[in-house]
Amino acid sequence: MSGKLYALSTGPGATDLITVRGARILGQLDVLYAPAGRKGGDSLALSIVREYLGVQTEVRCCHFPMSADSAEKEGVWDEVAAALAAEVQAGKQVGFITLGDAMLFSTWVFLLQRLVQPQWLEIVPGVTSFAAIAARAQMPLAMEQQSLGVVSCTAPEEEIRQALQQHDSLVLMKVYGRFARIKTLLAQAGLLEHALMMAEATLPGEQCWRQLSEVRDDQPLPYFSTILVNKQWERR
Ligand SMILES: C[S@@+](CC[C@H](N)C(=O)[O-])C[C@H]1O[C@@H](n2cnc3c(N)ncnc32)[C@H](O)[C@@H]1O
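Rules used throughout
- Residues numbered from 1 in each chain as written.
- Predicted model: local features only at pLDDT ≥ 70, side-chain atom pairs only at ≥ 80, totals over all residues.
- UniProt positions renumbered as here; feature names shortened; annotations may be inferred.
- Helix = DSSP H or I, 4+ residues; strand = E, 2+ residues; numbered from the N terminus.
- Rg over C-alpha atoms; globule rule 2.2 N^0.38 Å.
- Buried ≥ 20, exposed ≤ 12 C-beta atoms within 10 Å, placed from the backbone.
- Pairing = 2+ DSSP bridges.
- Axes fitted to C-alpha atoms, helices over the stretch in contact; angles between N-to-C directions.
- Near = placed C-beta within 6 Å.
- Nonpolar A, V, L, I, M, F, W, Y, C, P; charged D, E, K, R; others polar.
- Domains from an automatic or database assignment.

- In the annotation of an unreviewed UniProt entry, the entry for the chain reads Precorrin-2 C20-methyltransferase /cobalt-factor II C20-methyltransferase, and the organism field reads Kosakonia arachidis.
- Database annotation for the chain, UniProt heading Pathway (unreviewed entry): "Cofactor biosynthesis; adenosylcobalamin biosynthesis."
- Among the UniProt annotations of the chain, the heading Sequence similarities (unreviewed entry) holds the following wording: "Belongs to the precorrin methyltransferase family."

In structure tokens form, the structure reads like this:
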């Protein structure tokens, strides 16, 4: 069999929110690359997919630094992309797992930029964190003519302010460490009553805040925290 690389979306956290296609492929891999939050640390993505791995699969954890040093980050992306390509050239079935959906705010995309042989690559889509949060909180993302904006809270304040004005619904990702600033922007836009925040959706530690005005600015939040805003949703 010739080598192939699969970018596999794990979904938001619950092990049964991975796709059937993803689970089937995981069972056939020779090698699985799993991103870990810290050097030598655990991989949340790996803990989600472990039950689907075949006995033959070798797992390689890789750490992607979050540092501001872009040369360091690019060096690691170059290294991991080259390692994936070398495994495929050696005829192996190789997986790279990524949380939520692989094509949304994912380190995988930096590897994709460096891979120039799409005929040996398949990307398996997954449930995004915000799809899971909308379902868990029973708050729709958008309907009819409404627009949905997906914004990273790392964006400049003015861009977030404009997005809050422009869209009917919004997903505000990467809230961790920025909650107080985002809460102020939501209050200034008159949107606090239309927003909710969920952390670790579908994982055992899932938390949901529906009254953001009552959440303290210094509320400790997990890294996986997201705010949904829907200006027009109300139950009848
Ligand atoms: C690097 S991005 C990964 C996004 C992912 N690829 C997706 O499809 O949702 C990390 C951000 O996703 C959001 N996120 C991921 N998983 C989450 C979860 N289970 N609960 C809440 N937010 C989550 C948070 O906003 C976090 O800061």
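## A closer look at the overall build of the chain
Consideration 1: Of the regular secondary structure elements, the chain holds seven helices and ten strands.
Consideration 2: For the chain, whose C-alpha radius of gyration is 19 Å, the value lies close to the compact-globule estimate of 18 Å for 236 residues.
Consideration 3: Referenced to the eigenvectors of the C-alpha coordinate spread, the extents of the chain come out at roughly 55 × 40 × 35 Å.
Consideration 4: Per-residue burial for the chain yields a buried fraction of 34% across its 236 residues.

## Observations concerning the sheet that holds strand S1 (residues 4-9)
In a beta sheet, neighbouring strands pair by backbone hydrogen bonds and run either parallel or antiparallel.
Consideration 1: The parallel open sheet is built from five strands, whose spatial order is S3-S2-S4-S1-S5. Strands with a single pairing partner mark the edges of an open sheet, and in this sheet they are strand S3 (58-63) and strand S5 (121-124). Going across the sheet, the axis of each strand differs from the next one's by a mean of 20 degrees, ignoring polarity.
Consideration 2: As paired elements, S1 and strand S4 (residues 93-98) share six bridges and run parallel to each other.

## Examining unusual backbone geometry
Consideration 1: Of note in the backbone geometry, Phe-105 takes a positive phi value of approximately 45 degrees without being a glycine.
Consideration 2: Assessed through the 17 C-beta atoms surrounding it within 10 Å, Phe-105 is described here as partly exposed.

## Some words on the site of the ligand
Consideration 1: Neighbouring the ligand are 24 residues; Gly-100, Thr-128, Ser-129, Met-173 and Ala-201 lie closest to it.
Consideration 2: Secondary structure elements with two or more residues in the shell around the ligand: helix H5 (129-137), strand S8 (195-199) and strand S10 (225-230).
Consideration 3: Class assignment of the residues belonging to the shell around the ligand gives a composition of 13 nonpolar, eight polar and three charged.
Consideration 4: In terms of domain composition, the shell around the ligand takes at least three residues from each of domain 1 (4-127) and domain 2 (130-230).

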